Amino acid sequence: GTQVKDVVIKPEAPNTLLLDKHADYIAAYGSKKDDYEYTLSEYLRMSGIYWGLTVMDLMGQLSRMNREEIIEFIKSCQHDCGGISASTGHDPHLLYTLSAVQILSLYDSINVIDVDKVVDYVKGLQQEDGSFAGDKWGEIDTRFSFCAVATLALLGKLDVINMDKAVGFVLSCMNFDGGFGCRPGSESHAGQIYCCTGFLSITGQLHQVNADLLGWWLCERQLPSGGLNGRPEKLPDVCYSWWVLASLKIIGRIHWIDKAKLRSFILACQDEETGGFADRPGDMVDPFHTLFGVAGLSLLGDEQIKPVNPVFCMPEDVLQRIGLQPDFQPSNRGKLSSSTNDWHTV
Amino acid sequence: MHSKRLKKIEPKQFYNLMCLFFYFRDRKEWADLEPVPQDDGPNPVVKIAYSEKFTDVFDMFRALLKNDEKSERAFALTAEAIELNAANYTVWHYRRVLLQALDKDLREEMKYITAIIEDQPKNYQVWHHRRMVVEWLNDPSEELQFVAEILSQDAKNYHAWQHRQWVMQEYKLWDGELEYVEELLEEDVRNNSAWNQRHFVISHTRGYSDSAILEREVQYTLKQIKKAPHNESAWNYLNGILQDGGLSSYPGLLEQVTELQDTCSSPYLTAFLVDLYEDALETNSSSYDQQETLNKALELCKLLAEEKDTIRREYWNYVSRSLQNTYGSGDPVASSSDPPPPSSSQQPDTEPSDP
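Rules behind the numbers
Residues numbered from 1 in each chain as written. Chains lettered and ligands numbered in written order. Predicted model: local features only at pLDDT ≥ 70, side-chain atom pairs only at ≥ 80, totals over all residues. Heavy atoms only, no water. UniProt positions renumbered as here; feature names shortened; annotations may be inferred. Helix = DSSP H or I, 4+ residues; strand = E, 2+ residues; numbered from the N terminus. Buried < 20%, exposed > 50% of the residue type's maximum accessible area, 1.4 Å probe, protein only. Contact = heavy atoms within 4.5 Å. Areas by Shrake-Rupley, 256 points an atom, 1.4 Å probe, with all protein chains shown as cover. Lys, Arg positive; Asp, Glu negative; His and termini not counted. Charge placed at Lys NZ, Arg CZ, Asp CG, Glu CD. pLDDT = per-residue confidence, 0-100. Patch = residues over 30% accessible without salt bridge, like charges linked within 9 Å, V, L, I, M, F, W, Y side chains within 5 Å. Salt bridge = Lys/Arg side-chain N within 4 Å of Asp/Glu carboxyl O. Expected span 1.5 Å × (residues − 1). Axes fitted to C-alpha atoms, helices over the stretch in contact; angles between N-to-C directions. Parallel < 35°, antiparallel > 145°, perpendicular 65-115°, else oblique. Nonpolar A, V, L, I, M, F, W, Y, C, P; charged D, E, K, R; others polar. Left-handed = near helix turned anticlockwise from the far one by under 90°. Core = buried A, V, L, I, M, F, W, Y, C linked by side-chain atoms within 4.5 Å. Disulfide = S-S within 2.5 Å. Phe/Tyr/Trp six-rings, centres within 6.5 Å; stacked < 30°, edge-to-face > 60°. Lys NZ or Arg CZ within 6 Å of the ring centre and 35° of its normal. Polar contact = N/O pair within 3.5 Å; in protein donor to acceptor, adjacent residues only side chain to side chain.

The name given to chain B in an unreviewed UniProt entry is Protein farnesyltransferase/geranylgeranyltransferase type-1 subunit alpha, with the source organism recorded as Cyprinus carpio carpio. The Cofactor (unreviewed entry) comment attached to chain B in UniProt states, word for word, "Mg(2+)".

Labelled according to an unreviewed UniProt entry, chain A appears under the name Geranylgeranyl transferase type-2 subunit beta, originating from Cyprinus carpio carpio. You can read under Sequence similarities (unreviewed entry) in the UniProt record for chain A the words "Belongs to the protein prenyltransferase subunit beta family." Database annotation for chain A, UniProt heading Catalytic activity (unreviewed entry): "geranylgeranyl diphosphate + L-cysteinyl-[protein] = S-geranylgeranyl-L-cysteinyl-[protein] + diphosphate".

Following this line, the structure appears as structure tokens:
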């Protein structure tokens, strides 16, 4: 049969951007009645804070968040090995180390932690084959390759790792359909593709991607509803508006998506009462999907939102302040090539 | 990077909380430990209201961590903590430390892990934990059957497939996998994970450079396409395995695909023909009239952009312009949103060289 797995957007779904509601939602998050769920997500608190702060900054509302408390919190999460944990009393992990460095970059306060130790921690997680483990227990995933180089790029220390091997490992995860998985042989998945294209952008290796083939696979994620899924025959999810869209932007093919249809899907994922975005229309909202909904809209060109960097998922002005921007590359910060920029001169 | 979203509280969890629970802080065997409350700093980022049981268990957990206690009661507590929040990776770490320090029975642990995965099959931590224990035991004998079980509940579970691939590669367990993949494709011919697995198995065994294997795969895929022509995975697979050899030169392929056009229309079929014609043009194949092939390709691109796949009209217009610019005889066609016409399908390297 030809039945396509998709959602149907109801006519009464939201179709305007409710930025004020989203800002109120994030500002109040954690202090409301859904406390049990907030507690359950303690194991990812550092990322949760990064999602909240980034979306607030994109909406021009960063000042509503408590900078001093957050900075103190991050200081308390750095361990002796240099790695940073999701919360106090949790073990360090590369995922939360990146989130912490991203937050401190937003706040221009990177030196409140021991930067050299962070660099040592990241370097120590690189394996013989060039891959990166997430922590001392050794889980390997291209997500961690991305976390490693993104962290080091933000700190200006990309030169400490074995770059050739790191690149070699990521390229070994490229599949027959042009996509990337979490390890060599793993199925292509939009989240992993985002990590790998981001990685290749930072390391100046985007030319190794088959941009037409991958761009085709990525634009095939768009379903009749306008939403994007993460791999064939899956339902659309607003977070894929980020993973897929950012990947397309990085390889210079973002115009292959029907922008109007995607925008209406993203807007339909808003909750008019509570604020925030859910994975798909009608579901429960959370900060994760709120960030990626807003960031996706920014990539689509919404002028009410600050421009977002497709590699780091941070406001472009923050990266400019740090000195990480397309076509401007101090040597240790690697190369951010967002390949769209030159073509308007053709 | 986190695929987890906050779930609504399951009925089972509510029941757990509402039930009479003998708090650890009241148990005499735990009386020597001082519970350590969560410390969010002098002014917590947000006020948190914990449920009583959650607070009790995790306060005790923090006490154990603080004292670096390695005991049976600590081990028992990790199970309580995991039940309340299986995504808490620090608890899993601690459990592994205890498994080794207390020299626990790893086969019992495998049973425990199985139960957790069946309940929460999309949890990263428990799958990684399983892999570690399998490595410690150096015994993969149950793994393929276990993963098949999990896949029978959700045939696309990404974690399950990663685990399966790891087991097969690590312990060289390739036998019977192709048959297993075929079973899954019988059940759901659109299962992209199964198509990926097919590629995985063959790449690691006889490989596609064996022409008998390649032919078998081409025919198998065409057969699946006949059953369900609107199947992205099958078309991607067909394209993928023929990339090296080239679509236009594969004997009989154009005929077989054009024949399919009569009975099963699908934008994927049309897209495949465009790719095939493009390959004929690129290789300057003598079996094809270049001008006619170009015209056919352009016609199909137009059909896709205007009728069959309008949501991706930008892509089809790009392909059309690229073909015209590369193989046409007229003036170059441009669009401000296109990259420069490629000489290969790679994008141009726009990066400055290293300082």
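Novice: What exactly am I supposed to notice about the overall build of chain B here?
Specialist: Tallying secondary structure elements over chain B gives 16 helices and 0 strands in all. For chain B, buried positions account for 51% of its 355 residues. Relative to all contacts within chain B whose residues are 6 or more apart in sequence, the contacts with residues 24 or more apart total 61%. By element, 49% of the accessible surface of chain B is carried by carbon and sulfur atoms, the whole surface being about 17400 Å².

Novice: Just to check I follow, could you spell out the overall build of chain A for this structure?
Specialist: When you go through chain A residue by residue, the secondary structure sums to 14 helices and 4 strands. Each of the three principal axes of chain A carries a C-alpha extent, and together these read 55 × 45 × 40 Å. Within chain A, contacts between residues at least 6 apart in sequence are counted, and of these 68% link residues at least 24 apart. Working note: accessible area of chain A is about 11100 Å², and carbon and sulfur atoms make up 48% of it. Positive and negative side-chain charges of chain A, numbering 29 and 44 respectively, have mean locations separated by a distance of 1 Å.

Novice: What's the story with the confidence of the model for chain B in this structure? I'm lost.
Specialist: Interpretation of the predicted coordinates at a detailed level should be avoided for regions scoring low in pLDDT. Residues and elements named next belong to chain B. Per-residue confidence for chain B gives a mean pLDDT of 86, with 84% of residues at or over 70. Confidence scores differ between elements of chain B, with helix H1 (residues 11-18) showing the lowest mean pLDDT of 47 and helix H7 (residues 143-153) the highest of 98. Contacts of residues 341-355 to residues separated by more than four positions or lying in other chains number 32 contacts, the stretch itself having pLDDT below 50. Scored by ipTM, the complex comes to 0.88, with pTM at 0.87.

Novice: What should I look at first to understand a negative patch on the surface in this one?
Specialist: Residues Asp 175, Glu 179, Glu 183 and Glu 187 of chain B make up a contiguous surface patch of negative charge. The residue Glu 179 of chain B is located in helix H9 (residues 177-187) in this model.

Novice: Would you mind going over helix H9 (residues 190-202) of chain A with me for this structure?
Specialist: What sets the pattern is the α-helix's 3.6 residues per turn: residues three or four places apart point alike. All names here are of chain A. The end-to-end C-alpha distance of H9, which contains 13 residues, comes to 18 Å, matching closely the 18 Å that a straight helix rising 1.5 Å per residue would cover. Where burial is concerned, most of H9 is hidden: 13 out of the 13 residues are buried. Positive backbone phi, at 70 degrees, marks Gly 204, one or two positions downstream of H9.

Novice: How should I be thinking about the packing of helix H8 (residues 158-171) of chain B against helix H10 (residues 192-204) of chain B in this particular structure?
Specialist: Two quantities define a packed helix pair, namely the angle between the axes and the distance from one axis to the other. Residue and element names in this part refer to chain B. It is the contact of H8 with H10, at a shortest axis distance of 12 Å, that shows an interaxial angle of 10 degrees. One element, H8, and the other, H10, form an angle in the roughly parallel class. Along the contact surface, H8 presents Trp 161, Arg 164, Gln 165, Met 168 and Gln 169, while H10 presents Ser 193, Ala 194, Asn 196, Gln 197, Phe 200, Val 201 and His 204. In terms of residue class, the contact of H8 with H10 is made up of 5 nonpolar, 6 polar and 1 charged.

Novice: What exactly am I supposed to notice about the packing of helix H7 (residues 142-155) of chain A against H9 of chain A here?
Specialist: Residue and element names in this part refer to chain A. Contact geometry for H7 and H9: axes closest at 8 Å, N-to-C directions at 35 degrees. The element H7 and its partner H9 pack so that their crossing is left-handed. Only Gln 192, Tyr 194, Cys 195, Cys 196, Gly 198, Phe 199 and Ile 202 of H9 make contact with H7, whose side of the interface consists of Thr 142, Arg 143, Ser 145, Phe 146, Val 149, Ala 150 and Ala 153.

Novice: Even after reading the chapter, I still don't get the nonpolar core, so can you show me in this structure?
Specialist: Soluble globular proteins tend to bury their nonpolar side chains together. Membership of the largest hydrophobic core comes to 221 residues, with the highest contact counts inside it found for Trp 242 and Phe 312 of chain A together with Trp 316 of chain B. With residues up to four places along the chain from it excluded, the contact list for Trp 316 of chain B reads Trp 216 of chain A together with Ala 271, Val 274, Cys 301, Leu 304, Ala 305 and Asp 309 of chain B.

Novice: Is there a simple way to think about unusual backbone geometry in this case?
Specialist: Both trends apply: most residues other than glycine have a negative phi, and most peptide bonds are in trans. Residue Cys 313 of chain A is not a glycine yet carries a positive backbone phi of 50 degrees. Along the chain, Cys 313 of chain A turns up in the loop between strand E3 (308-309) and strand E4 (314-315). The buried category is assigned to Cys 313 of chain A, whose relative accessible area is 2%. The phi dihedral of Asp 103 of chain B is positive, around 50 degrees, even though this residue is not glycine. By the secondary structure assignment, Asp 103 of chain B is in the loop between helix H4 (89-101) and helix H5 (106-119).

Novice: How should I be thinking about the state of the cysteines in this particular structure?
Specialist: Linking two cysteines covalently through their sulfur atoms gives a disulfide. Residue and element names in this part refer to chain A. The full count for this structure, using the stated rule, is 0 disulfides over all chains. With no disulfide partner, Cys 173 has as its closest neighbouring cysteine sulfur the one in Cys 196, 6.0 Å distant. Among the residues examined, Cys 173 registers a relative accessible area of 0% and is labelled buried. In this model Cys 313 remains outside any disulfide bridge; the closest cysteine sulfur is found in Cys 195, 11 Å from its own.

Novice: Please clarify how the packing of aromatic side chains should be interpreted in this entry.
Specialist: The geometry of an aromatic ring pair comes down to the distance between the two centres and the angle between the two planes. Residues and elements named next belong to chain A. Tallying each qualifying case throughout the model produces 26 aromatic pairs over all chains. Ring centres of Trp 243 and Phe 292 lie 4.7 Å apart, and the angle between their planes is 45 degrees; on these two criteria the pair is classed as tilted. In this pair, Trp 243 is assigned in helix H11 (residues 238-250) and Phe 292 in helix H13 (residues 287-299), connecting sequence segments 49 residues apart. This pair shows no difference in class: Trp 243 is buried, exactly as Phe 292 is. Three or more aromatic residues joined by ring pairs make a cluster, and in this case those are Trp 51, Phe 146, Tyr 194, Trp 242, Trp 243, Phe 288 and Phe 292. The aromatic ring of Trp 217 is capped on one face by Arg 221, whose charged end is 4.1 Å from the ring centroid.

Novice: Hey, could you run me through the side chain of Ser 85 of chain A in this one?
Specialist: Note on placement: Ser 85 of chain A falls in the loop between helix H4 (67-75) and helix H5 (94-106). Within the structure, Ser 85 of chain A has its side chain in polar contact with the backbone oxygen of Ser 87 of chain A (distance 2.9 Å). Excluding residues within four positions of it along the chain, Ser 85 of chain A makes contact with Met 46, Cys 77, His 79, His 90, Asp 91, Pro 92 and Tyr 96 of chain A together with Tyr 89 of chain B.

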